[in-house]
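Residues per chain are reported as follows:
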Amino acid sequence: MNWTTEKRYLPYDQWNEAVVNDMKQHAQTSPWHPKYHVHAKHGLLNDPNGFSYFNGEYHLFYQHFPFGAVHGLKSWTHTVSHDLVTFTETGHNITPDGPYETHGVYSGSARQIDDKLFIFYTGNVRDKNWNRQTYQLGGYFEKNGAFNRLPHILIEQPDDVTEHFRDPQIFEYAGNLYSIVGGQDLNQKGMIKVYEAIHNDVENWRFIGDLSFENDYTAYMMECPNLVFVNEHPVLLYCPQGLDKNVLEYRNIYPNLYKIGQTFNPENVSIENISELQQLDYGFETYATQAFNAPDGKVYSISWVGLPDSTYPSDAYHHQGVMSLVKELTIKDGKLYQYPVPALASLRTNPQPLKSMAQTTNNYELEFVLPKDSHSTLTLFANENGDGLDITIDLSNGCIRVDRTRAGVPFETQFGTVRNAHLDNAETTINIFIDTSIFEIFINKGEKVFTGRIFPNNNASGIILSGDALNGQYFNIITHGR
Ligand code: FRU
């Protein structure tokens, strides 16, 4: 398919049914669809959207271009879950049907208001000359899946930002509703604007200021900002595109980072006593992480395991992008921890002692504890030549190295095929989740995380252990026959 701009932005109802069915059928033949991660069966999935709790269920939408593995006319595809582990698509999607979203229903958030789920999103519009206008829009998602748009624009594009102004996140603080929106100022620097719902009415928003968070003003755009409260501490998650690598070293095309503060002060619109910028994930592709404070008092997050402006081997099968597992955010000793929700353990079956294996299902979890001073290597997704994803955990030298140089079909190699992080030389617990074409490595139950994609050839699925003995367990993950 030759992806002209016209094709990418063709209204959904103008797609030829036979062409779409062909594409869907071809997508089904892909060997790289994960079994227990949210993913698009066809087309391109990017940001998590509207992650929330409503009507006794968790709701997760995702940015979706359903017609191919490219960024085109976006909608929100809807899924629900009872346990934050298994998500089911409902077909109640939010498609670009309104006048202020002709070129895409872009990212945003959701929150229960009375007996409806309020959806706060960005409408993207292009004119004949392809100039962009953005609108922050809203609507109510009903219990029966109907979506009713509000007819008016909730936040207009302010005069002091460019057309890069999007991704409203709604949150509550001290009984009041606020929203933050990511943007680019007229000097082409990334910033975040803060709004307050007047009398807590989500249909009426008042600008209260630019968020003060010790912005270094080296990024050119802040995509997908989220403010959540973990043990009362404000945690700001965001994607500062173009951030100067002297501020924080990163290898991915765009970083997804966070800062922890002491308090959020709406009076002067600031996060006070804020930390340095930190990596949310040390792996190859994590972006647009969305988190929310759930009614059960927990903070849940989920990330797009993919990056903008990138291509993936699965594109040949018309699908791109998966979600991470849902992670719970906590703070211990001043550090942010991210770890999959406990219900995930219910998918474990057939525990076996961890050992080298010629073949697995590529749907499994490993859990092991490494003693101080140890040096061990695991090769996962290993083929018969022993090539695969190499994970070296060298506690004696205080580091972990994740290397996909020899793993499956190469892609985006210009950003390097190795990622490293520092580890303390102390007993270390490692959990690794493998799902067909995705890996998630958690160190010390979420102190550090490495996430990435792998596109194994011919179902390469072995495990090779070397170095100091790795004592632990292997669990198959039940995949409900998917
Ligand atoms: C981030 C992003 C958002 C935007 C959406 C469009 O990946 O560019 O800023 O709303 O994707 O799909």
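My aim in this report is to walk through the structure given alongside it, one point at a time. Only a predicted model underlies this, so the values are computations on that prediction, with no experimental measurement involved. (Residues numbered from 1 in each chain as written. Predicted model: local features only at pLDDT ≥ 70, side-chain atom pairs only at ≥ 80, totals over all residues. Heavy atoms only, no water.)

**What about the overall build of the protein?**
So, step 1. The number of helices and strands found in the protein is 2 helices and 35 strands.
So, step 2. Relative to a compact globule of 482 residues, whose C-alpha radius of gyration would be 23 Å, the protein shows 22 Å and is just as compact.
So, step 3. Counting only C-alpha atoms and orienting by the principal axes, one finds that the protein spans roughly 60 × 55 × 45 Å.
So, step 4. Here the protein holds 482 residues, and 60% of them are scored as buried.
So, step 5. When contacts within the protein are restricted to residue pairs at least 6 apart in sequence, long-range pairs at least 24 apart make up 59% of them.
So, step 6. On the protein, roughly 19000 Å² of surface is accessible, and the fraction owed to carbon and sulfur atoms is 45%. (Helix = DSSP H or I, 4+ residues; strand = E, 2+ residues; numbered from the N terminus. Rg over C-alpha atoms; globule rule 2.2 N^0.38 Å. Buried < 20%, exposed > 50% of the residue type's maximum accessible area, 1.4 Å probe, protein only. Contact = heavy atoms within 4.5 Å. Areas by Shrake-Rupley, 256 points an atom, 1.4 Å probe, with all protein chains shown as cover.)

**Let's talk about the site of the ligand**
So, step 1. Close to the ligand lie Asn-46, Asp-47, Gln-63, Lys-74, Tyr-106, Ser-107, Arg-166, Asp-167, Glu-223, Cys-224, Tyr-287 and Trp-304.
So, step 2. Within the contact set of the ligand, an oxygen atom lies 2.6 Å away from a side-chain nitrogen or oxygen of Asp-167.
So, step 3. Out of a free accessible area of 310 Å², the ligand has 92% covered by protein chains.
So, step 4. For the shell around the ligand, the elements supplying multiple residues, two or more each, are strand 1 (43-54), strand 5 (105-113), strand 9 (161-173) and strand 13 (221-230).
So, step 5. Class assignment for the residues of the shell around the ligand results in 4 nonpolar, 3 polar and 5 charged. (Near = heavy atom within 4 Å. Polar contact = N/O pair within 3.5 Å; in protein donor to acceptor, adjacent residues only side chain to side chain. Nonpolar A, V, L, I, M, F, W, Y, C, P; charged D, E, K, R; others polar.)

**Quick notes on the sheet that holds strand 14 (residues 233-241)**
So, step 1. If you trace the 4 strands from one edge of the open sheet to the other, you get 13-14-15-18, paired in antiparallel fashion. Looking at strand neighbours, the two that pair on one side only are strand 13 and strand 18 (278-279), the edges of this open sheet.
So, step 2. Of the strand pairs in this sheet, strand 14 and strand 15 (residues 257-260) are connected by 4 bridges, and their pairing is antiparallel. Residue pairing in the sheet places Leu-236 in a bridge with Lys-259 of strand 15. (Pairing = 2+ DSSP bridges.)

**As for the packing of aromatic side chains**
The relative placement of two aromatic rings is captured by the distance of their centres and the angle of their planes.
So, step 1. Inspection of the entire model under this criterion finds 39 aromatic pairs.
So, step 2. Aromatic side chains Tyr-195 and Phe-207 sit 5.5 Å apart centroid to centroid with 55° between the ring planes, which places their arrangement in the tilted category. On the criterion of sequence distance, the pair formed by Tyr-195 in strand 11 (residues 190-197) and Phe-207 in strand 12 (residues 205-210) is long-range, its members being 12 residues apart.
So, step 3. The partly exposed category is assigned to Phe-207, whose relative accessible area is 40%.
So, step 4. Counting every residue linked through ring pairs, the aromatic cluster contains Trp-3, Tyr-12, Trp-15, Phe-65 and Phe-67.
So, step 5. A cation over an aromatic ring shows up here: Lys-245 above the ring of Tyr-250, its NZ or CZ 4.9 Å from the ring centre.
So, step 6. One Lys or Arg, Arg-404, reaches over the ring of Phe-284 and ends 3.9 Å from the middle of that ring. (Phe/Tyr/Trp six-rings, centres within 6.5 Å; stacked < 30°, edge-to-face > 60°. Lys NZ or Arg CZ within 6 Å of the ring centre and 35° of its normal.)

**Quick look at helix 2 (residues 17-28)**
So, step 1. Taking 1.5 Å as the rise per residue, helix 2 with 12 residues should run 16 Å; its terminal C-alpha atoms sit 17 Å apart, in good agreement.
So, step 2. Looking only at helix 2, the buried set comprises Val-20, Met-23 and Ala-27. Seen end-on, helix 2 carries its buried residues on one side only, within an arc spanning 60°. With respect to the buried face of helix 2, the exposed residues turned more than 90 degrees away are Glu-17, Ala-18, Asp-22, Gln-25 and Gln-28.
So, step 3. Of the surrounding secondary structure, the elements contacted by the buried residues of helix 2 are strand 21 (319-320). (Expected span 1.5 Å × (residues − 1). Arc of directions from axis to C-beta.)

**Points about the environment of Phe-207**
So, step 1. Separated by 52 residues in sequence, Phe-207 and Ile-155 have C-alpha atoms that sit 8.8 Å apart.
So, step 2. Ignoring any residue separated from it by four or fewer positions in sequence, one finds Phe-207 in contact with Lys-193, Val-194 and Tyr-195.

**Side note on the side chain of Arg-166**
So, step 1. Residue placement: Arg-166 occurs in strand 9.
So, step 2. At 3.1 Å, the side chain of Arg-166 forms a polar contact with the side chain of His-164.
So, step 3. Side chain to side chain, Arg-166 and Glu-223 meet in a polar contact 2.6 Å long.

**A look at the pattern of salt bridges**
So, step 1. Considering all chains together, one arrives at 15 salt bridges under this definition.
So, step 2. Here Asp-115 ties to Lys-116 by a salt bridge, and the two come within 3.9 Å at their closest N and O atoms.
So, step 3. Its salt-bridge partner being Glu-447, residue Lys-335 comes within 3.0 Å of it at the nearest N-O pair. In this pair, Lys-335 is assigned in strand 24 (residues 335-340) and Glu-447 in the loop between strand 32 (438-443) and strand 33 (448-453), connecting sequence segments 112 residues apart.
So, step 4. On the basis of relative accessible area, Lys-335 is assigned to the partly exposed category, the value being 35%.
So, step 5. One continuous salt-bridge network, built from bridges that share partners, spans Arg-348, Glu-365, Glu-367 and Lys-445. (Salt bridge = Lys/Arg side-chain N within 4 Å of Asp/Glu carboxyl O.)

**Details of the nonpolar core**
Soluble, globular proteins show a tendency: their nonpolar side chains are buried together.
So, step 1. Phe-51, Leu-84, Tyr-287, Tyr-300, Val-326 and Phe-433 are the most contacted members of the largest nonpolar core, which has 37 residues in total.
So, step 2. For this core, the elements supplying multiple residues, two or more each, are strand 1, strand 2 (57-65), strand 19 (287-293) and strand 20 (299-305).
So, step 3. Excluding anything up to four places from it in sequence, Phe-51 contacts His-59, Leu-60, Leu-84, Ala-110, Gln-290, Phe-292, Tyr-300, Ser-301, Ile-302 and Val-326. (Core = buried A, V, L, I, M, F, W, Y, C linked by side-chain atoms within 4.5 Å.)

**Focus on the sheet that holds strand 25 (residues 348-353)**
So, step 1. Pairing is antiparallel across the open sheet formed by 6 strands, whose spatial order is 25-35-26-31-32-33. Single-partner strands in this sheet number two, and they are strand 25 and strand 33. When strand polarity is set aside, the average angle formed by the axes of neighbouring strands in this sheet is 15°.
So, step 2. As judged from the 6 bridges shared by strand 32 and strand 33, these two strands associate in the antiparallel manner. Residue pairing for strand 33: Ile-443 is matched across the bridge by Lys-448. (Axes fitted to C-alpha atoms, helices over the stretch in contact; angles between N-to-C directions.)

**Describing the environment of Tyr-258**
So, step 1. Along the chain, Tyr-258 falls in strand 15.
So, step 2. When the C-alpha atoms of Tyr-258 and Tyr-238 are compared, they prove to be 6.2 Å apart, with 20 residues separating the residues in sequence.

**Quick word on the side chain of Ser-81**
So, step 1. Structurally, Ser-81 can be placed in strand 3 (residues 75-81).
So, step 2. In this structure Ser-81 comes out as buried when scored by relative accessible area, which is 2%.
So, step 3. Among the polar contacts listed, one links the side chain of Ser-81 to the side chain of Asp-83, at a separation of 3.2 Å.
So, step 4. Polar contacts involving the side chain of Ser-81 include one to the main-chain carbonyl oxygen of Thr-86, which spans 2.9 Å.
So, step 5. Setting aside its immediate chain neighbours within four residues, Ser-81 contacts Glu-57, Tyr-58, Thr-86 and Phe-87.

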